[in-house]
Amino acid sequence: MNAGIPPGPDSTRIGSAEIPLLSVKNLKKYFPVREGLFGRPDRRVHAVDGVSFDLRSGEILGLVGESGCGKSTTGRLILRLLEPTSGEVRFMNENVFEADARRMRELRREMQIIFQDPYASLNPRRTIGATLEEPLIIHRIGTKEERRARVRGLLEKVGLDPDAVNRYPHEFSGGQRQRIGVARALALNPKLIVADEPVSSLDVSIQAQVINLLEDIQDEYRLSMIFIAHDLNMVRHISDRVAVMYLGRIVELAEASDLYRHPLHPYTEALLAAIPIPDPKAGRRRIILEGDLPSPVDLPQGCRFYSRCPKRLPDCLKEDPPLVQIQPLHWAACILAR
Amino acid sequence: MAIRPRTAFERFWGRFKSNGPAVAGGFIVLSVFVIALLAPILSLYDPAYIDVGKILAAPNSDHLLGTDELGRDVFSRMIWGSRISLLVGFVAVGIAILIGILIGAVASYYGGWIDDVLMQFVDIMLSIPTFFLILAVIAIVEPSIWNIMIVIGVTSWMGVARLVRGQFLALKEKDFVTAARALGANDLRMIFLHLLPNALSPVYVSAVLGVAGAILIESSLSFLGLGVQPPTPSWGSIITAGKDTIEIAWWLTLFPGLAILITVLGYNLLGEGLQDALNPRLKG
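Remember, predicted model here, so these are calculated numbers, not experimental data. (Residues numbered from 1 in each chain as written. Chains lettered and ligands numbered in written order. Predicted model: local features only at pLDDT ≥ 70, side-chain atom pairs only at ≥ 80, totals over all residues.)

K.L.:
Describe the overall build of chain A, with residues and values.
P.N.:
Along chain A, the regular secondary structure elements total 9 helices and 12 strands. In chain A, buried positions account for 41% of the 338 residues. At a minimum sequence separation of 6, the contacts of chain A that also span at least 24 residues come to 64%. (Helix = DSSP H or I, 4+ residues; strand = E, 2+ residues; numbered from the N terminus. Buried ≥ 20, exposed ≤ 12 C-beta atoms within 10 Å, placed from the backbone. Contact = placed C-beta atoms within 7 Å.)

Set out below in structure tokens:
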């Protein structure tokens, strides 16, 4: 039996010959809480609290969870835009957090990011041409003419007029700006792109266009992508596998088709039930989650989802269930799933 | 494209030109500039020419603003004095802005203990009464125009440092700055291409207001005899000479005093106007 890509160091990697492109192991990021003069000094936000997963070459992994679950922080840690509290990110079997400044700069050629807010992700005082040429200048790629040609090619690739090079970001719509953001991420031909809610702030009509663009590009360049989103519907179409995060942990990880058909974690079930069905007559069971997300500063005892779980049992308070393999390609962190 | 969105500058200009006092300030600032520029043409007399036959002459058709205690033409001296005021104002502010940007940028970009140390230094500088510090320094070094510009500049950069630091701290969280980091941009590229260009608009305001402050300090120093040294004419030093004869020769204090008042007012109005036009939401 091929165990495929195990999510963490605890699972054994059976029969998987290839080294994954990206391997995240027990990644943690705690932010100190600044309080008043006499606040307890050791209080920390557990933004990412032990995340592990692997990413195959050419794979798109959807990373889903509600606001504040640590999905964006995870993305930024992978690219080492933040330093972790502990844990490991191995990119092509190299520990990213151990790279020195020079090596890090080389690694950055291989991994790029696309942001959520296209109005904040472009420098308002630089032309589109300057913004897209910048990665090539930083990494000393090509002559001036070659770089200019490449920039025009990138603009065409993302469906924009190459003559846009002399214009400024404010002259473009949100969807167009997001395409420019995609072009910037592609400029260095990276192996990995972290797309941090790339369509969440776009109009619904534009969302599909940008998702299709990302899919086309992924297909053409054989990119690996971590696609972060806050609802399962968004990533259903594009992801090969999906990881669901809750309060800094992955609670379920499975092949996309499997996860949508047979969710094992009650939180995933609730998220799936929240997806609107475009048929008013279709009867369905809605799962209303009670209460708010517990504070990531004062983590609850036992299962993190206990306070909101519709299926909670007294046993759930005994331990915080680890992410374990339930089926060959399906991991979940719930005692009910075992 | 049928309708081009207005550029940031067009929106700024639209707000600025509908602000009466700001336009008036701009007009004053421009006028003083032209006067200083055309000093050799506008002044009818050599500002240093002593005419003992016409000591303390009241304003008349030969001497529009009268003469001083040595018979020198006050109008001509004031016109040449405007050059001193502007020169000191701009060079001093230029020095202050360079120091302020450097310290503010380094403090906020590197953060940590570097930030702590530099901002403590800013607080210490701010706690020293600037004018007395300048007086003390001028008492030690020779009171030349260059020393005055340097001393004013070196004692008035703290506001700019704080402004730039605040701007940088906000900008560092922006995605386009993170994007540049993700691309592997080095510190110089980050600071000079991504952070600084987006941090400058409040610095412009601070600079314009700073020119007014520097002109006032220069006038005060010259009034105290610690500024620009004779025979170079300066508005402050004309007033000094006039204070002894204020009862018989009012024009020696009134006209240079008005020149200082109007010029400083002009820079202040322009600065406030820029502030409102650049940050319309802050307008009180």
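What follows picks up the thread again.
K.L.:
Tell me about the confidence of the model for chain A, and please be specific about residues and values.
P.N.:
Residue and element names in this part refer to chain A. Per-chain confidence: chain A averages 86 in pLDDT, with 89% of residues scoring 70 or above. When mean pLDDT is taken per element in chain A, helix α3 (residues 128–138) scores highest with 95 and helix α7 (residues 232–236) scores lowest with 84. Low pLDDT, under 50, characterises residues 1–6; the stretch is placed with 21 contacts to residues that sit more than four places away or in other chains. (pLDDT = per-residue confidence, 0-100.)

K.L.:
Break down the sheet that holds strand β5 (residues 94–95) of chain A for me, with residues and values.
P.N.:
Residues and elements named next belong to chain A. Spatially, β2-β1-β4-β5 is the arrangement adopted by the 4 strands of the open sheet, whose pairing is antiparallel. The strands lining the two open edges of the sheet, one partner per strand, are β2 (44–55) and β5. Pairing between strand β1 (residues 22–32) and strand β4 (residues 86–91): 5 bridges, direction antiparallel. Counterpart to valine 24 in the pairing with β4 is valine 89. (Pairing = 2+ DSSP bridges.)

K.L.:
Describe the sheet that holds strand β10 (residues 249–255) of chain A, listing the residues and the values that go with them.
P.N.:
All names here are of chain A. On the basis of which strands lie adjacent, the open sheet formed by 8 strands has the order β6-β7-β8-β3-β9-β10-β12-β11 and mixed pairing. This sheet does not close on itself; its edge strands, each paired only once, are β6 (111–114) and β11 (324–327). Taking the axes of each pair of neighbouring strands and ignoring which way they run, one obtains an average angle of 20 degrees across the sheet. For strand β7 (residues 192–196) and strand β8 (residues 224–229), the ladder comprises 5 bridges, and the chain directions are parallel. Counted as the bridge partner of leucine 192 is serine 224 from β8. Most of the contacts of helix α5 (residues 174–186) go to β6, to which it runs at about 175 degrees, and overall it touches β6 and β7. (Axes fitted to C-alpha atoms, helices over the stretch in contact; angles between N-to-C directions.)

K.L.:
Residue-level account of the interface of chain B and chain A, with values.
P.N.:
In many analyses, interface size is given as the accessible surface area lost on bringing the parts together. The interface of chain B with chain A comprises 14 residues on the first partner and 21 residues on the second. Elements with a minimum of two residues in the side of chain B that touches chain A: α9 (175–182) and α10 (187–199) of chain B. Sort the elements by how many residues they give to the side of chain B that touches chain A and α9 of chain B lands first, with 6 residues. In terms of residue class, the side of chain B that touches chain A is made up of 7 nonpolar, 4 polar and 3 charged. (Nonpolar A, V, L, I, M, F, W, Y, C, P; charged D, E, K, R; others polar.)

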